[in-house]
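# Structural characterization, general
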Amino acid sequence: MTQEYEVIIVGAGIIGPVLAYALANDGRKVLLIEKNWEEPDRIVGELLQPGGVQALEKLGLAGCIEDIDGIPVHGYGVMYRGKAVNIPYPKDSEGRTVLGKSFHHGRFVMKLREAAKGCANVTSLEATVNDLIKDNTGRVIGVGCTQKNDNEEKKLKFFAPLTFVADGIFSKFRKEYLTVQPKLRSHFVGFIMKNTTLPYPNHGHVILARNSPILMYQIGSNEVRVLVDIQGKLPSISNGDMKRYMLEQVLPDVPKQIQQGFKEGIENDRIRSMTNSFLPPTRNTHEGVILIGDAMNMRHPLTGGGMTVAFWDVVHTVDLLSREKVPDFSNSPLVVKQMKSHHWSRKSRASMINILAMALYALFSAPENSENLRILQLSCFNYFQLGGIAISGPVGLLAGLIPNPLVLMFHFYAVAVYGIIFHILLAPLWPSAPDAFSSDYQEVSSKTSSKSSMKITPANIGLTVAYLPLNIIKAVSVLYTACVVFLPLVWSELC
């Protein structure tokens, strides 16, 4: 065995090059292996939240989001049943709005790879990693891979005391090292609209459609990414079922001013799909190998927090494994000890983003037959309409700028309490009281979202009192549903 490197990194997608760059700048000799170095073409990983931008700045890679025709992102616009609310990102200490960035995924990845390749301590290799080599104690000591040259395959082996597995959502090595596996939640079906101006320029858009949420954000000077979330079996793209689904089921919920662009995008662009999975984080306890990025932890991409988690994971990992703290990666027990610390040091930000993504997805994708989730969905939108802390708190969490799960818990249950009070207990004080008790909650928003329509009359007060016993039961049911959504996610992060 000849040890040529201190670190081997499997995968050069989003996180691999960043990790290679950071470790190389700490003086480590790194081998970065990727099976295909051509520019990738994916429909996700195209919006970087301000928290992720901060992580790149900390790593010295902020320049990678420049000169790729990227679009500054100032916040979000949320749309629900014909209504909209603008949710701007918060301001920094100097009064400037913090910014995110949206872009073509492939262009961003190529800039990251270019930065990594520019490091003297990084060796890049195009090859397919087939297996992780172990010694007789089970410790990973290297990788076996296949390299293709002129239609010939060459078997290669490389050795290093530490291997990072960063091979993404479809990791081939995950099953061997993790006790939990990804759970499929839904699919994103994506395409690009051109010549279309969104209602809130330089903002991400979330449309709370009847069937599922829709995301839209600009990724180029004349290109808008559309992502439609679909649960269950996907309609066939090849036979035209998907196109019909988009035009018949999704288009009516799209704002009228961009419906033409939506139609043209469906007709002219290639429709593609991507899996959306949930994988709670797991401790890295195996000697010689560390899983990182989507290979170790995934959340629904609805909130665009995946890259923020990944880049901050690199920040924490490189700090804990610095030469000062771990002079030699051959000291596997020390590496494992440091990675146990990493499991908890990442919690404040990563757990907040993970829980937020999955909790919001549960609300925003509420099925029509789940009245409690529909009430929470409506309450969430109305909560945003309050402004002030009801916007600054949630968007600070969404942006990855408030690494505090307790703040998330406060706002989540504030939404639930708001809904219980105004859409259940006090609902009869609105003229639309009969609709508020129906099982179809889709149109309640337009009738009960404004306090100005409240009518405090003897008749309405009497109706409120008369319904109170049943509404208390309903309130408890909604609160229970909120707990069922939120608390299991908290538990998955604590394990």
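Residues numbered from 1 in each chain as written. Predicted model: local features only at pLDDT ≥ 70, side-chain atom pairs only at ≥ 80, totals over all residues. Heavy atoms only, no water.

Going by the annotation in an unreviewed UniProt entry, the name recorded for the chain is Squalene monooxygenase, with Basidiobolus ranarum given as the source organism. Listed in UniProt under the heading Function (unreviewed entry), the comment for the chain reads: "Catalyzes the stereospecific oxidation of squalene to (S)-2,3-epoxysqualene, and is considered to be a rate-limiting enzyme in steroid biosynthesis." (UniProt positions renumbered as here; feature names shortened; annotations may be inferred.)

What follows is about the overall build of the chain. Counting secondary structure elements, the chain contains 15 helices and 18 strands. Relative to the compact-globule value of 23 Å for 495 residues, the chain shows a C-alpha radius of gyration of 24 Å, a close match. Along the longest, intermediate and shortest principal axes, the C-alpha atoms of the chain span 85 × 50 × 45 Å. Sorting the 495 residues of the chain into buried and exposed places 56% on the buried side. Pairs at least 24 residues apart make up 73% of the contacts formed inside the chain by residues separated by at least 6 positions. Between the mean site of the 49 positive side-chain charges and the mean site of the 43 negative ones, the chain shows a separation of 5 Å. (Helix = DSSP H or I, 4+ residues; strand = E, 2+ residues; numbered from the N terminus. Rg over C-alpha atoms; globule rule 2.2 N^0.38 Å. Buried < 20%, exposed > 50% of the residue type's maximum accessible area, 1.4 Å probe, protein only. Contact = heavy atoms within 4.5 Å. Lys, Arg positive; Asp, Glu negative; His and termini not counted. Charge placed at Lys NZ, Arg CZ, Asp CG, Glu CD.)

Below, the discussion takes up the sheet that holds strand 2 (residues 30-34). In spatial order, the strands read 8-2-1-12-18; together these five strands make up an open sheet with parallel pairing. Unpaired on one side and paired on the other, strand 8 (122-126) and strand 18 (289-291) mark the two borders of the sheet. Between one strand axis and the next, the sheet turns by 20° as a mean value, whatever way the strands run. (Pairing = 2+ DSSP bridges. Axes fitted to C-alpha atoms, helices over the stretch in contact; angles between N-to-C directions.)

Glancing now at a nonpolar patch on the surface. Residues W344, W491 and L494 make up a contiguous nonpolar surface patch of roughly 390 Å² in combined accessible area. Considering the arrangement of structural elements, one finds W491 in helix 15 (residues 458-494). (Patch = residues over 30% accessible without salt bridge, like charges linked within 9 Å, V, L, I, M, F, W, Y side chains within 5 Å. Areas by Shrake-Rupley, 256 points an atom, 1.4 Å probe, with all protein chains shown as cover. Salt bridge = Lys/Arg side-chain N within 4 Å of Asp/Glu carboxyl O.)

With that settled, the discussion passes to the UniProt feature "transmembrane region" (unreviewed entry) in the chain. The UniProt feature table records "transmembrane region" (unreviewed entry) at residues 6-24, 384-403, 410-430 and 472-491. Summarising residues 6-24: 53% helix, 21% strand, and an end-to-end C-alpha distance of 10 Å.

Attention now moves to the packing of helix 5 (residues 241-250) against helix 6 (residues 259-268). Each pair of packed helices can be summarised by the angle the axes make with each other and by the distance between the axes. Viewed as axis vectors pointing N to C, helix 5 and helix 6 meet at an angle of 170°, and their least axial separation amounts to 10 Å. Viewed along their axes, helix 5 and helix 6 adopt a mutual orientation that is roughly antiparallel. Between helix 5 and helix 6, the contacting residues are K243, M246, L247 and V250 on the first element and F262, K263, I266 and E267 on the second. Considering only residue class, the contact of helix 5 with helix 6 consists of five nonpolar, no polar and three charged. (Parallel < 35°, antiparallel > 145°, perpendicular 65-115°, else oblique. Nonpolar A, V, L, I, M, F, W, Y, C, P; charged D, E, K, R; others polar.)

Take the packing of aromatic side chains next. Within the structure shown, the criterion is met by eleven aromatic pairs. Seen from their ring centres, Y383 and Y418 are 6.5 Å apart, and the 70° between their planes marks the pair as edge-to-face. Note that Y383 is positioned in helix 10 (residues 371-385) and Y418 in helix 12 (residues 405-425), a separation of 35 residues in sequence. The pair formed by Y383 and Y418 is uniform in burial state, with each residue classed as buried. Here the aromatic rings of Y418 and F422 are separated by 4.9 Å at their centres, their planes lie at 45°, and the arrangement is tilted. Placement of the pair is Y418 and F422 together in helix 12, with a separation of four residues, close to one helical turn. As far as the burial class goes, Y418 and F422 line up, both buried. Sitting above the plane of the W312 ring, R349 keeps its charged end 4.0 Å from the centroid. (Phe/Tyr/Trp six-rings, centres within 6.5 Å; stacked < 30°, edge-to-face > 60°. Lys NZ or Arg CZ within 6 Å of the ring centre and 35° of its normal.)

With that out of the way, let us pick up the sheet that holds strand 10 (residues 140-149). The three strands are arranged 9-10-11 in an open sheet whose pairing can be described as antiparallel. The open sheet is flanked by strand 9 (128-134) and strand 11 (152-159), the only strands paired with a single partner. Pairs of neighbouring strands in the sheet enclose a mean axial angle of 25°, with direction left out of account. Direction of pairing for strand 10 relative to strand 11: antiparallel, over a ladder of eight bridges. Across the sheet, the residue bridging to T146 is K155, located in strand 11.

Mapped onto the secondary structure, K347 falls in helix 9 (residues 347-364). Taking relative accessible area as the criterion, K347 reaches 9% and is therefore assigned buried. Excluding residues within four positions of it along the chain, K347 makes contact with P281, M352, P405, E493 and L494.

Another aspect to go through is unusual backbone geometry. Comment: phi is negative for the bulk of residues other than glycine, and the bulk of peptide bonds are trans. With a phi close to 60°, D67 is a non-glycine residue in the positive phi region. Of note, D67 is situated in the loop between helix 2 (50-59) and strand 4 (71-73). Here D67 falls in the exposed class, since its relative accessible area comes to 75%. Even without being glycine, R81 reaches a positive phi, approximately 50°. By secondary structure assignment, the location of R81 is in the loop between strand 5 (75-80) and strand 6 (83-88). Classification of R81 as buried rests on a relative accessible area of 18%.

With that out of the way, let us pick up the pairing of strand 2. Of all five residues making up strand 2, five are buried, and the element is well covered by its neighbours. The side-chain alternation of strand 2 yields two buried faces, one formed by V30, L32 and E34 and the other by L31 and I33. Sheet topology note: the strand 1 (residues 7-10)/strand 2 ladder contains four bridges and is parallel. The partner of I8 across the bridge, within strand 2, is L31.

Applying the stated criterion across every chain, the model contains 19 salt bridges. In this structure, the salt-bridge partner of R270 is D41, at a minimum N-O distance of 3.3 Å. Remark: D41 occurs in the loop between strand 2 and strand 3 (47-48) and R270 occurs in the loop between helix 6 and strand 17 (272-278); sequence separation between them is 229 residues. A salt bridge links E371 to K474, with the nearest nitrogen and oxygen atoms 3.6 Å apart. With E371 in helix 10 and K474 in helix 15, this residue pair connects regions lying 103 residues apart in the sequence.

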